[in-house]
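Here are the chains, one letter per residue:
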Amino acid sequence: MSHHEPIAATTIRAATTRLQSPPTKTYSNGIDWIAVERAARGELPAGALTPAEAREAAVWLVRAGVARKAISVQLSVYERLVKEWAAEEGLLPDADLCCRPGCRRATAGRGLCALCLSQQRILERKQKAALAVAA
């Protein structure tokens, strides 16, 4: 009887990814657009981009319909960061955005973004401490 080890994927690739064309300039605003395009196509090693270039590549891939998990693996960035970048570009549905009026950031928990959630927790701690003192 042979013992087989499970196969673990090391990369996740999208079936066919259609990407928007880069701008006519190959370098602008500190972004190497050729590197962004190559990274989005999976032709550059993970981590080869600057943070601004990784953001642009992630936005291209989100627009192309690639899953956040796949983008995270391909670009070697946190999945949460990909979600935040998509929110900044207006690419997330309302259900994935913070429920506080005027806040359009990606949700982190309890229907709130990371900033609003942190503020909510601080408020709850202050209320709990005030109740403890009053009791």
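This text goes with the structure placed above it.
Residues numbered from 1 in each chain as written. Predicted model: local features only at pLDDT ≥ 70, side-chain atom pairs only at ≥ 80, totals over all residues. Heavy atoms only, no water.

1. Details of the overall build of the chain
Along the backbone of the chain there are 5 helices and 2 strands. Put simply, the chain runs from its N terminus to its C terminus through helices and strands in the order β-β-α-α-α-α-α. Residues counted as buried form 32% of the 135 residues belonging to the chain. Within the chain, counting contacts between residues at least 6 apart in sequence, those at least 24 apart form 36% of the total. (Helix = DSSP H or I, 4+ residues; strand = E, 2+ residues; numbered from the N terminus. Buried < 20%, exposed > 50% of the residue type's maximum accessible area, 1.4 Å probe, protein only. Contact = heavy atoms within 4.5 Å.)

2. Examining the nonpolar core
Residues Leu49, Ile71 and Leu75 are the most contacted members of the largest nonpolar core, which totals 27 residues. Mapped by element, the contributors of at least two residues to this core are α1 (33–40), α2 (51–63), α3 (68–75) and α4 (79–88). Here this core gets 7 residues from one element, more than from any other, and that element is α2. Apart from the residues lying within four places of it in its own chain, the contact partners of leucine 75 are Ala39, Ala46, Gly47, Leu49, Ala54, Ala57, Ala58 and Leu61. Core analysis: the next-biggest nonpolar cluster, separate from the first, contains 6 residues, Cys103, Cys113, Cys116 and Leu117 among them. (Core = buried A, V, L, I, M, F, W, Y, C linked by side-chain atoms within 4.5 Å.)

3. Focus on the pattern of salt bridges
Inspection of every chain in the model, using the stated rule, returns 9 salt bridges. Between glutamate 124 and arginine 110 there is a salt bridge whose closest N-O contact spans 2.9 Å. Here glutamate 124 is found in helix α5 (residues 114–134), whereas its partner arginine 110 is found in the loop between α4 and α5, with 14 residues between them in sequence. Classification of glutamate 124 as partly exposed rests on a relative accessible area of 30%. One salt-bridge network, in which partners are shared between bridges, spans Arg55, Glu56, Arg63, Glu88 and Glu89. (Salt bridge = Lys/Arg side-chain N within 4 Å of Asp/Glu carboxyl O.)

4. Observations concerning the side chain of lysine 83
Take lysine 83: it is sitting in helix α4. Of the side chains with opposite charge, aspartate 96 comes closest to the buried, unpaired lysine 83, at an N-O distance of 4.7 Å. With near-sequence residues (within four places) excluded, lysine 83 lies in contact with Arg68, Leu92, Asp96, Ala106 and Thr107. (Lys, Arg positive; Asp, Glu negative; His and termini not counted.)

5. Observations concerning the packing of α3 against α4
For any two helices packed against each other, one specifies the inter-axial angle together with the distance between the axes. In contact at an axis separation of 8 Å, α3 and α4 are set at 115° when each is read in the N-to-C sense. Here α3 is positioned roughly perpendicular relative to α4, judged by the angle of their axes. Pair α3 / α4 crosses with right-handed handedness. Within the contact between the two elements, α3 uses Arg68, Lys69, Ile71 and Ser72 and α4 uses Glu79, Val82 and Lys83. (Axes fitted to C-alpha atoms, helices over the stretch in contact; angles between N-to-C directions. Parallel < 35°, antiparallel > 145°, perpendicular 65-115°, else oblique. Left-handed = near helix turned anticlockwise from the far one by under 90°.)

6. So, unusual backbone geometry
The backbone of serine 76 shows a phi angle near 60°, a positive value even though the residue is not glycine. Non-glycine residue arginine 110 carries a positive phi angle of around 55°. In this structure arginine 110 comes out as exposed when scored by relative accessible area, which is 52%.

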